[in-house]
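Examining the three-dimensional arrangement
One letter stands for each residue in the lines below.
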Amino acid sequence: MTDTGGAQIRLLELADAALYRTIRLEALEKNPEAFGSTFERENAQPLSWFEAAIERADIFGAFLDGKLAGIAGFSAQEGLKQAHKGRLWAMYVRNTARGSGLRKLLVAAVLDHARGRVEMVQLTVVSENEAARRLYSAMGFVEYGYEKRALKQGGRYYDEILMVKFLDEGTAGSAQAMP
């Protein structure tokens, strides 16, 4: 567990499944354009479904004053040819905790966890989410692709930016930022 200025960042455990369910549903409800899943789909799932999510992936929780205020997931790719790649996903920080530095702490926790496990971490972010794009760029991610109409929510399409951070500094030059 990392304790930074009152914030604690740690991997969620099975005992955190109800807390995870609550914040995940909040994220899907408040920012539906940012996630591939939907509130309706996940709200219909039993608690055991969220427990299974915690067991199959590494989901970090950011706690402020003992309350879960943010989450970020990490998973490594499977298969020999893709095992060098990991993915940061499902990043969300509650409105009440925004501006507290939790977003940066969560990304740093995922990157620290990924080091020694994978060579690079990829993510996608909705093109209109300027705050997230700035955060990821500041944390060393570079844009390498653009997917038009990646998501469709409420009859509206959302484009996504594909970003990568190479954890082995020797290969960092192989990704080129988009113009």
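Fair warning: this is a prediction, and the values are worked out from it, not measured in the lab.

**Digging into the overall build of the protein**
For the protein, the count of helices and strands is 5 helices and 8 strands. The secondary structure elements of the protein, listed N-terminal to C-terminal, are β-β-α-α-α-β-β-β-α-β-α-β-β. For 179 residues, the compact-globule estimate of 2.2 N^0.38 gives 16 Å, and the protein sits close to it at 16 Å. Projecting the C-alpha coordinates of the protein onto the three principal axes gives extents of approximately 40 × 40 × 35 Å. The buried share of the protein, reckoned over its 179 residues, is 44%. In the protein, the proportion of contacts linking residues at least 24 apart, taken out of those at least 6 apart, comes to 63%. When the accessible surface of the protein is totalled, it reaches about 9,700 Å², and 47% of it is carbon and sulfur. Averaging the positions of the 23 positive and the 23 negative side-chain charges in the protein gives two centres separated by 4 Å.

**Quick word on helix α1 (residues 17–30)**
For α1, with 14 residues, the first-to-last C-alpha span of 20 Å sits near the 20 Å given by 1.5 Å per residue. Turning to α1, its buried residues number three or more, namely A17, Y20, I23, R24, L25, E26, A27 and L28. Buried positions along α1 lie against α2 (39–43), α3 (47–56), β3 (58–64), β4 (67–76) and β5 (85–93).

**Re the confidence of the model for the protein**
Confidence in the prediction for the protein averages 92 pLDDT; 91% of positions are at 70 or higher. The lowest-confidence element of the protein is strand β1 (residues 2–4), averaging 56 in pLDDT; the highest-confidence one is α1, averaging 98. In the model, residues 171–179 has pLDDT below 50 throughout and makes 13 contacts with residues more than four positions away in sequence or in other chains.

**Side note on the pairing of strand β8 (residues 156–166)**
Where burial is concerned, most of β8 is hidden: 9 out of the 11 residues are buried. Sheet analysis places strand β6 (residues 120–126) next to β8, joined by 7 bridges and oriented antiparallel. Of the residues in β8, the one forming a bridge with V121 is K165. Pairing between strand β7 (residues 142–153) and β8: 8 bridges, direction antiparallel. Of the residues in β8, the one forming a bridge with Q153 is R156.

**Quick notes on the pattern of salt bridges**
According to the stated counting rule, one finds 8 salt bridges in the structure shown. Between D16 and R10 there is a salt bridge, with the nearest N and O atoms lying 2.7 Å from each other. Each of the two residues, D16 as well as R10, counts as buried. The shortest N-O distance in the salt bridge between R133 and E130 comes to 3.5 Å. Separated by 3 residues within a single helix, R133 and E130 lie in helix α5 (residues 130–138), roughly one turn from each other.

**Some points on the environment of L106**
Tracing the chain through its elements places L106 in helix α4 (residues 102–114). Owing to a relative accessible area of 0%, L106 belongs among the buried residues under this scheme. When residues no more than four places from it in sequence are discounted, the contact partners of L106 are I9, F60, G61, A62, G70, I71, A72, M91, Y92 and V93.

**Describing the nonpolar core**
Of all hydrophobic cores here, the largest spans 30 residues; its most connected members are V107, V121, Y136 and F141. The element best represented in this core is α4, accounting for 7 residues. Excluding residues within four positions of it along the chain, V107 makes contact with L88, M91, L135, Y136, M139 and F141. In this structure, L12, Y20, A57 and I59 belong to the second largest nonpolar core, which totals 19 residues.

**A closer look at the pairing of β6**
Residues in a regular strand project their side chains so that they alternate between the two faces of the sheet. Within β6, 6 of the 7 residues are buried, which leaves it mostly tucked inside the rest of the structure. Note: β5 against β6, 3 bridges, orientation parallel. Residue G86 lies in a different strand from β6, and its bridge partner there is V121. As a crossover connection, the stretch from β5 through α4 into β6 is right-handed.

About the thresholds
Residues numbered from 1 in each chain as written. Predicted model: local features only at pLDDT ≥ 70, side-chain atom pairs only at ≥ 80, totals over all residues. Heavy atoms only, no water. Helix = DSSP H or I, 4+ residues; strand = E, 2+ residues; numbered from the N terminus. Rg over C-alpha atoms; globule rule 2.2 N^0.38 Å. Buried < 20%, exposed > 50% of the residue type's maximum accessible area, 1.4 Å probe, protein only. Contact = heavy atoms within 4.5 Å. Areas by Shrake-Rupley, 256 points an atom, 1.4 Å probe, with all protein chains shown as cover. Lys, Arg positive; Asp, Glu negative; His and termini not counted. Charge placed at Lys NZ, Arg CZ, Asp CG, Glu CD. Expected span 1.5 Å × (residues − 1). pLDDT = per-residue confidence, 0-100. Pairing = 2+ DSSP bridges. Salt bridge = Lys/Arg side-chain N within 4 Å of Asp/Glu carboxyl O. Core = buried A, V, L, I, M, F, W, Y, C linked by side-chain atoms within 4.5 Å. Right-handed = clockwise from strand over helix to strand, strands pointing away.

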